[in-house]
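Inside the fold
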Amino acid sequence: MSKDLNKLLEQSKTPIKNNIYLIPNTFTEDIHNRIYNEFINSDNWGFLQTSNTNSNEETKFWINILGGYTKKGPSLKYSTFYERILFDMILKHIHPILQTRYNYEIDIIPFEIYVNGQSRGQSGNWHQDATNTDSWTFLYYLNKEWKVPHWDGFTSFADAVDNIYINQYKPNSSVLFNATIWHYGCAPSIYCNNLRMSLAYKLLVVPKGKIDYDGFLKQKKELYLNDMKIKLENV
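What you see is a predicted model; the values in this text were computed from it and never measured. (Residues numbered from 1 in each chain as written. Predicted model: local features only at pLDDT ≥ 70, side-chain atom pairs only at ≥ 80, totals over all residues. Heavy atoms only, no water.)

Counting through the fold element by element, N64 comes out in strand 3 (residues 61-67). A relative accessible area of 2% places N64 in the buried class. A polar contact of 2.8 Å, which involves the side chain of N64, links it to the side chain of N44. Among all residues touching N64, those that are not within four sequence positions of it are F39, S42, N44, W45, Y114 and V115. (Helix = DSSP H or I, 4+ residues; strand = E, 2+ residues; numbered from the N terminus. Buried < 20%, exposed > 50% of the residue type's maximum accessible area, 1.4 Å probe, protein only. Polar contact = N/O pair within 3.5 Å; in protein donor to acceptor, adjacent residues only side chain to side chain. Contact = heavy atoms within 4.5 Å.)

Put into structure tokens, the structure is as follows:
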């Protein structure tokens, strides 16, 4: 794996230092419970996800698509909670962090929102979430219980073969990182019977007012409700 990583780092390299931020105790217990219970009982999982898009060679794992500014998957997804309410809570953590990096007022737009699910043997591969340095990823560890280090499930980040940072899976914690950093999510170990779940927000920083996200959500909600109405009429 280190040989493959070396080739990837020859293509591009983003320093780990000053590009990864840890956010412990991200949400209240009530919010954490709501998120966990929703996905541990969800019937919306698809066995479709790979670390690198359209890869037929990589290990697949589970994905639960929630929404975002761009469409991911064949059907329109809309969620007031994940696209607005929870995102506002996330912004309270990350907007002050990212604003200090720019000399102009910014907005942060969630382009993709989804949950990854991994069981034993479903480790990801080294990948970047984007090639634009204005892109960031907010990753939330939503399981209620995780035995570190016995259950693995950590996220690895690298800017050199001999400089790999391992962020342990800690329930109700999150990590904000520049999306151009090479990283991957480790599968649960053989000692773990749980599904490793992580909530991902793929973000883009833009000048304030450039994208009307609230207006977009309003239009999307109307399209979604109309789509649901048509589906019900055809039942």
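Turning next to the state of the cysteines. One pass over the structure, following the stated rule, counts 0 disulfides. With no disulfide of its own, C186 has C192 as its nearest cysteine by sulfur position, at a separation of 11 Å. Using a relative accessible area of 10% as the deciding quantity, one classes C186 as buried. A relative accessible area of 1% means that C192 is categorised as buried. (Disulfide = S-S within 2.5 Å.)

Cis geometry marks the peptide bond from V148 to P149, where omega comes out at 0°. Considering the arrangement of structural elements, one finds P149 in the loop between strand 5 (135-141) and strand 6 (155-160). For N18, which is not glycine, the phi dihedral falls at a positive 70°. Looking at where N18 falls in the secondary structure, it is placed in the loop between helix 1 (2-11) and strand 1 (20-23). A relative accessible area of 53% places N18 in the exposed class. The backbone phi angle of N172 is positive, close to 65°, even though this residue is not glycine. Topologically, N172 is positioned in the loop between strand 7 (163-167) and strand 8 (173-178).

Below, the discussion takes up the packing of helix 3 (residues 80-99) against helix 4 (residues 213-233). Running from amino to carboxyl end, helix 3 crosses helix 4 at an angle of 150°, the nearest separation of the two axes being 11 Å. Overall, the two elements helix 3 and helix 4 adopt an arrangement that is roughly antiparallel. Judged by residue contacts, E83, R84 and F87 of helix 3 engage Y213, D214, L217 and K220 from helix 4. Looking at the contact of helix 3 with helix 4 residue by residue, the class counts come to 3 nonpolar, no polar and 4 charged. (Axes fitted to C-alpha atoms, helices over the stretch in contact; angles between N-to-C directions. Parallel < 35°, antiparallel > 145°, perpendicular 65-115°, else oblique. Nonpolar A, V, L, I, M, F, W, Y, C, P; charged D, E, K, R; others polar.)

Attention now moves to the sheet that holds strand 7. Ordered in space as 7-6-9, the 3 strands form an open sheet in which the pairing is antiparallel. Since the sheet does not close on itself, it has two edges, and those belong to strand 7 and strand 9 (182-185), each with one partner. Direction aside, neighbouring strands of the sheet carry axes that sit 20° apart on average. Of the strand pairs in this sheet, strand 6 and strand 7 are connected by 5 bridges, and their pairing is antiparallel. Along strand 7, the bridge assignment pairs F157 with Y165. (Pairing = 2+ DSSP bridges.)

Bringing the packing of aromatic side chains into the picture now. For the coordinates displayed, the defined rule picks out 20 aromatic pairs. When the ring of Y141 is compared with that of Y169, the centres are 4.6 Å apart and the planes differ by 45°; the resulting orientation is tilted. With Y141 in strand 5 and Y169 in the loop between strand 7 and strand 8, the pair connects residues that are 28 residues apart, well separated along the chain. Look at Y169 and you get buried, because its relative accessible area is 0%. (Phe/Tyr/Trp six-rings, centres within 6.5 Å; stacked < 30°, edge-to-face > 60°.)

Bringing the environment of S75 into the picture now. Here S75 lies in the loop between strand 3 and helix 3. Distance in space between the C-alpha atoms of S75 and Y224 is 9.6 Å, their sequence separation being 149 residues.

Since there are 3.6 residues in each turn of an α-helix, residues three or four apart along the chain are aligned in direction. Taking 1.5 Å per residue, 20 residues should reach 28 Å; helix 3 reaches only 25 Å between its end C-alpha atoms and comes up short. The principal kink in helix 3, of about 40°, is found at F87. Burial in helix 3 covers these residues: F81, Y82, E83, L86, F87, I90, L91, I94, L98 and Q99. (Expected span 1.5 Å × (residues − 1). Bend = angle between axes of the 7 residues up to and from the residue.)

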